Amino acid sequence: MHSPILAPVVALVAWTLIMLVWAVIVRISEFARVGIDINKVRGSKPGGLDGVLADQAQWKMHNYIHLTEQPVLFYAICGVLAVTGTGGGFNALLAWSYVGLRVVHSIVQSTSNIIKLRFALFALSTLALMAMTLHAALALAWH
């Protein structure tokens, strides 16, 4: 038997991979546009191409990086909720809310990159994650 909370986990992983593919496609064409031969360059630190590649091209990769940061906590909490049998109902709704907000955040960051809107979406998704964390802690305390 599986927990309903695993579906939003798979959805966010799939979205993260979609963002990766989008970022790679955009960056490869941007490398060609600015004359970077990937066969001759070496890596540096994250963000090392900021100011070299167009900001709009970098936004996609920045978002992909963001999708490998806080969502790690989401995946862990979803695992706890699934294992404790509390991954349905309101917790599944919170998880889908988190995923939806992160997808919208990705679209905003990757297209217009309006900071005020991005921050609001991030804050709302963080509140959903905090509620899920509280529920996971309570589930562990009561079992």
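The structure contained in this document is the topic of the report that follows. (Residues numbered from 1 in each chain as written. Predicted model: local features only at pLDDT ≥ 70, side-chain atom pairs only at ≥ 80, totals over all residues. Heavy atoms only, no water.)

Remarks on the packing of helix α1 (residues 6-34) against helix α2 (residues 55-66)
Following both chains from N to C, one finds α1 and α2 inclined at 150 degrees, their axes separated by 8 Å at the closest point. Relative to α2, the element α1 lies roughly antiparallel. Here α1 runs over α2; the crossing is left-handed. Counted together, T16, M19, L20, W22, A23, V26, R27 and E30 of α1 and A57, Q58, K60, M61, N63 and Y64 of α2 form the full contact between these two elements. Its residues placed into classes, the contact of α1 with α2 shows eight nonpolar, three polar and three charged. (Axes fitted to C-alpha atoms, helices over the stretch in contact; angles between N-to-C directions. Helix = DSSP H or I, 4+ residues; strand = E, 2+ residues; numbered from the N terminus. Parallel < 35°, antiparallel > 145°, perpendicular 65-115°, else oblique. Left-handed = near helix turned anticlockwise from the far one by under 90°. Contact = heavy atoms within 4.5 Å. Nonpolar A, V, L, I, M, F, W, Y, C, P; charged D, E, K, R; others polar.)

A word on the environment of F122
Note on placement: F122 falls in helix α5 (residues 115-142). Judged by its relative accessible area of 34%, F122 falls in the partly exposed class. Here the alpha-carbon distance between F122 and L67, two residues 55 residues apart in the chain, equals 11 Å. Every residue in contact with F122, bar those within four places of it in the chain, is listed here: Q70, R102 and H105. (Buried < 20%, exposed > 50% of the residue type's maximum accessible area, 1.4 Å probe, protein only.)

Details of the nonpolar core
By size, the foremost hydrophobic cluster in this structure holds 19 residues, and its most contacted members are F74, C78 and M132. When contributions to this core are tallied by element, the ones reaching two or more residues are α1, α3 (71-83), α4 (89-111) and α5. Looking at this core, the element that brings in the most residues is α4, giving five residues. Filtering out sequence-adjacent residues up to four positions away, M132 remains in contact with I5, F74, I77, C78, L81, L94 and A95. (Core = buried A, V, L, I, M, F, W, Y, C linked by side-chain atoms within 4.5 Å.)

Topic: the packing of α1 against α3
Packed helix pairs are characterised by how far apart their axes lie and by the angle those axes make with each other. Closest axis-to-axis distance for the α1/α3 pair is 9 Å, and the angle between their directions is 160 degrees. As judged from the angle between their axes, α1 and α3 are roughly antiparallel. Taken as a pair, α1 and α3 cross one another with a handedness that is left-handed. Facing α1, whose interface residues are L6, P8, V9, L12, V13 and T16, α3 presents P71, F74, Y75, C78 and A82. A class-by-class count of the residues in the contact of α1 with α3 yields 10 nonpolar, one polar and no charged.

Side note on a nonpolar patch on the surface
Taken together, the side chains of L124, L127 and M130 make up a nonpolar region of the molecular surface, amounting to roughly 310 Å² of accessible area. Along the chain, M130 falls in helix α5. (Patch = residues over 30% accessible without salt bridge, like charges linked within 9 Å, V, L, I, M, F, W, Y side chains within 5 Å. Areas by Shrake-Rupley, 256 points an atom, 1.4 Å probe, with all protein chains shown as cover. Salt bridge = Lys/Arg side-chain N within 4 Å of Asp/Glu carboxyl O.)

Comments concerning α3
Between its first and last C-alpha, α3 extends 18 Å over 13 residues, near the 18 Å set by a 1.5 Å rise per residue. Buried within α3 are the following residues: P71, F74, I77, C78 and L81. Buried residues of α3, seen end-on, are gathered within an arc of 110 degrees and therefore sit on one face of the element. Away from its buried face by more than 90 degrees, α3 exposes L73 and V83. Against the buried residues of α3 lie α1, α2, α4 and α5. Just beyond α3, the residue with positive phi is G85, at close to 75 degrees. (Expected span 1.5 Å × (residues − 1). Arc of directions from axis to C-beta.)

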